Amino acid sequence: MGTMLEVKDLRTRFHTREGVVRAVNGISYTVDEGETLAVVGESGCGKSVGMLSILQLLQGTTGRVEAGEALFRGVDLLKLSDTEIRKLRGRDIGMVFQDPMTSLNPVLSIKRQMTEGLVKHLGVSRREALDRAIRLLRLVGIPKAEELIGEYTFQFSGGMRQRVMIAMALACEPRLLIADEPTTALDVTIQAQIMNLVRELKDQFGMAIVWITHDLGIVANFAQNVQVMYAGYIVEKADVGSLFARTAHPYTIGLLNSLPANGADRRRRLIPIKGAPPNLRALGGGCPFAPRCGRAAERCRAENPALAELERGHQVACWNAGEGL
Amino acid sequence: MAGAGRALVEVRGLKKHFSVGGGFLQRKKTVRAVDGVSFDVIEGETLGVVGESGCGKSTMGRTMLQLYPPTEGSVSYRGVDLAGLSRQELLPYRKKIQIIFQDPYSSLNPRQTIGSIVCEPLTLHRKDIGKKERLELGRELLRKVNLDQSFVNRFPHEFSGGQRQRIGIARALAVKPEFIVCDEPISALDVSVQAQVVTLLEDLQGEFGLTYLFIAHDLSMVRHISTRIAVMYLGRIVELAGRDELFRAPLHPYTRALLAAIPVPDPEYAARNPIKTLEGEIPSALNPPRGCCFHPRCPMAGPACEEGEPAFRELGPGHYCACHKA
């Protein structure tokens, strides 16, 4: 299996009037062909900004990628010109965002939005593009696709819109699909439909997937590998099995303890994480989780731990990891 | 329809229909948001209400509070039908019944200080107490929801979602209610903050003997907090049972589909129980299907299901279900 995406030491900051927001603070990871990587974290942990950064989608914001590389099949995405990255986005890299209503154009028909990309990226004729778009809509489970393709997004329900987004993301058979909380706004039965659909399409097209989510249930059901982000850092990464079986970072443990347990001991009281995430304008030198961590010691408040291997394929950034939590 | 304990609220045949559209040469249409629900809320329990967007769960909660006048049916609070009361007569009940809203951003007035938000119900319901005493009560309430008392002079925008939700809870507690409708109180919050709010609600229930109607779409959290759970679909309650009973032996095909669609955060469990999909989407409440409202999506549907609406009947002790096949 080849490496599809390799991100090295990515750093992104937002320069606001109130100060510099350190949104992404040196994250490195790889995604292999055919792999599903889940990126987990709560609001403001940098999981979305990290993705927008490598796709050069921060233009128009105060965000700047300050350092790092993002090699997509060997090509550094961050060094590409506007025109060059446009050719990749939507063709080799498909994207699905959380809110389908704001990512689809309300005044263009679905037909127009879907075929435009195909004509532009693949150079097929309009006729061919239309056939292909209809096939894709059927594939994502839209009934009467040949009729509905002439309609506008506001005529669709949330689940249907998200399917249209997925159909558009898959239109050019991308090598990499980046999905940013694609099911968060949807109901649980629709979420299940979308998850199963993406899984089937992945098997069919063999693409790599980066799935950004805050839902550990989705991680357990859907991904092979997972990385947990906190305050712009990756604090733990592992394959899904060992992340759940041998959870090592106090933040990840805290997240799992915040959830109602499934099964026998479900009556146990939830254990919330104390306090709130740090202000990204005022990150100190220590571990960003230290102020909320029950095990924080002198060293945690002074020095930020780097990711270190705990066991094969399981890395954690914690001074106390491996000391039997 | 009572389980163990005394019914605090009895809901019978409650309907709430809204008229939409209508205009020049266009007929009005009716959205049957809540279409005939009957159940009791037992004193001291948490009755969870789950269902997907548009199933009418929030409308039901608000109609129970008389925030919307019911189209039909009754809501009795300790034996008194609230729907039959005038505004003035309703006032003492407004004190006993409070609500916590989903969106902690739009439910707090940005121009009011936290103190004045939390004390507002007191200015209405407790005209006997003075301003100074009121503010002291406000501080006390903030302490109860684990917020700093000094926050009374600050404004909502200074607080995070979880803190705002606790301010909303403090406001609901101000008039010493007995019954609180929690309308998706945790849906807008991050996982770790959800747990903070849920444990707070649990603690307050223990301390004040509160009864909750807990509306949510996240089944795992509802399972955690509820005594009994009602499942809604297209304006109707399709199943109602004790929390453990509902998860162990769900009777309605929709409940089963909902349970099978939850991604459980446990990879071993996930490997044994892959997520199952329910085909189709929820029909429009403008034009619900004939017969059983679930039949177009139901894997078990037969001819009877297209004909008659199934009765909501007790199939086991305290286990109610509306399905021809159950």
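To be clear, the structure that these remarks concern was listed above.
Let me begin by describing the structure that accompanies this report. As a convention, each chain's residues are numbered from 1 in the sequence order in which they are written. Chain letters and ligand numbers both follow the written order, the letters beginning at A and the numbers at 1. Local features are withheld for residues below a pLDDT of 70 in this predicted model, meaning they are given only at 70 or higher, and side-chain atom pairs are given and counted only at 80 or more; totals for whole chains, interfaces and linings count all residues.

## Things to note about the overall build of chain A
Scanning chain A from N- to C-terminus turns up 12 helices and 12 strands. Every radius of gyration here is taken over C-alpha atoms, with the globule rule written as 2.2 Å times N^0.38, N being the number of residues. Since a compact globule built from 325 residues should have a radius of gyration of about 20 Å, the 21 Å found for chain A is in line with a globular shape. By its C-alpha atoms, chain A is 65 × 50 × 40 Å across when sized along the principal axes. In this scheme every C-beta is placed from the backbone, and a residue whose C-beta has 20 or more other C-beta atoms within 10 Å is buried, one with 12 or fewer is exposed, and one in between is partly exposed. When the 325 residues of chain A are sorted by exposure, 48% land in the buried category. Helix numbers and strand numbers start at the N terminus; a helix is a DSSP run of H or I with at least 4 residues, a strand a run of E with at least 2.

## Re the interface of chain A and chain B
Residue-level contacts link 35 residues of chain A with 32 residues of chain B. Those elements that provide at least two residues to the side of chain A that touches chain B are helix H8 (188-205), helix H9 (216-222), helix H10 (240-245) and helix H11 (250-257) of chain A. Sort the elements by how many residues they give to the side of chain A that touches chain B and H8(A) lands first, with seven residues. All residues other than Ala, Val, Leu, Ile, Met, Phe, Trp, Tyr, Cys, Pro, Asp, Glu, Lys and Arg, Gly among them, are scored as polar; the first ten of these are nonpolar and the last four charged. Its residues placed into classes, the side of chain A that touches chain B shows 16 nonpolar, 14 polar and five charged. Contact definition: two residues whose C-beta atoms, as placed from backbone geometry, lie within 7 Å.

## Observations regarding the sheet that holds strand S2 (residues 19-32) of chain A
Residues and elements named next belong to chain A. Pairing between strands requires that DSSP locate at least two bridges from one strand to the other. The strand order S2-S1-S4-S5 describes an open sheet built from four strands, whose pairing is antiparallel. What marks the edges here is a single partner per strand, and that holds for S2 and strand S5 (75-76). Direction of pairing for strand S1 (residues 3-16) relative to strand S4 (residues 63-72): antiparallel, over a ladder of eight bridges. Residue pairing for S4: Lys8 is matched across the bridge by Glu69. The axes used here are C-alpha line fits, helices contributing only the stretch in contact, and every angle between their N-to-C directions lies in the interval 0 to 180 degrees. Seen against the sheet, helix H1 (residues 47-54) touches S1, S2 and S4 and runs at an angle of roughly 110° to S1.

## A short note on the packing of helix H5 (residues 161-173) of chain B against helix H6 (residues 191-208) of chain B
Residue and element names in this part refer to chain B. Remark: H5 packs on H6, axes separated minimally by 9 Å, with the N-to-C direction vectors making an angle of 20°. In terms of orientation, H5 lies roughly parallel with respect to H6. Judged by the sense of rotation from one axis to the other, the crossing of H5 with H6 is right-handed. Here Gly161, Gly162, Gln165, Arg166, Ile169 and Leu173 of H5 lie close against H6, whose contacting residues are Val193, Gln196, Val197, Leu200 and Leu204. Residues belonging to the contact of H5 with H6 are distributed by class as follows: six nonpolar, four polar and one charged. Throughout, the term roughly parallel applies to angles under 35 degrees, roughly antiparallel to angles over 145, roughly perpendicular to angles from 65 to 115, and oblique to all others. Left-handed is the label given to a crossing in which the near helix is rotated counterclockwise from the far helix by less than a right angle, and right-handed is the label when the rotation is clockwise.

## A word on the packing of helix H3 (residues 114-125) of chain B against H5(B)
Residue and element names in this part refer to chain B. The contact between H3 and H5 brings their axes to 6 Å, and the two run at 35°. Here the hand of the crossing between H3 and H5 comes out right-handed. On H5, the residues that touch Ile114, Ile117, Val118, Glu120 and Pro121 of H3 are Ile167, Ala170 and Arg171. Residue composition of the contact of H3 with H5, by class: six nonpolar, no polar and two charged.

## Structural notes on H11(A)
Taken together, the buried positions of H11(A) are occupied by Pro250(A), Tyr251(A), Thr252(A), Gly254(A) and Leu255(A). Of the surrounding secondary structure, the elements contacted by the buried residues of H11(A) are H9, strand S9 (225-230) and strand S10 (233-239) of chain A together with H6 of chain B.

## Section: the pairing of strand S11 (residues 313-316) of chain B
All names here are of chain B. In this structure, S11 lies alongside strand S12 (residues 319-321), joined through three bridges in antiparallel fashion. The residue of S12 that forms the bridge with Gly316 is His319. Here S11 hands over to S12 after two residues, with Gly318 in that stretch at a positive phi of 70°.

## Some thoughts on unusual backbone geometry
Residues and elements named next belong to chain B. Backbone geometry places Arg78, a non-glycine residue, at a positive phi of 45°. Mapping Arg78 onto the fold places it in the loop between strand S4 (72-77) and strand S5 (80-81). Of the residues examined, Arg78 has 14 C-beta atoms within 10 Å and is grouped as partly exposed. For Glu184, which is not a glycine, the phi torsion comes out positive at approximately 50°. Mapped onto the elements, Glu184 comes out in the loop between strand S7 (179-183) and H6. The exposure class of Glu184 is partly exposed, given the 19 C-beta atoms found within 10 Å.

## Focus on helix H5 (residues 126-139) of chain A
Residue and element names in this part refer to chain A. Here a helix's expected span is defined as the number of its residues, less one, multiplied by 1.5 Å. For H5, spanning 14 residues, the distance from its first C-alpha to its last is 20 Å, which sits close to the expected 20 Å at 1.5 Å a residue. Regarding H5, the residues found buried are Ala129, Ala133, Ile134, Leu136 and Leu137. Viewed along the axis of H5, the buried residues span an arc of 160°, placing them on a single side of the element. Facing away from the buried side of H5 by over 90 degrees, the exposed positions are Arg127 and Arg135. If you follow the buried residues of H5, they end up packed against helix H4 (110-122), helix H6 (145-148) and helix H7 (158-170). In this context, the arc is that of the directions from the helix axis out to the C-beta atoms.

All we've got here are geometric facts, nothing functional implied.
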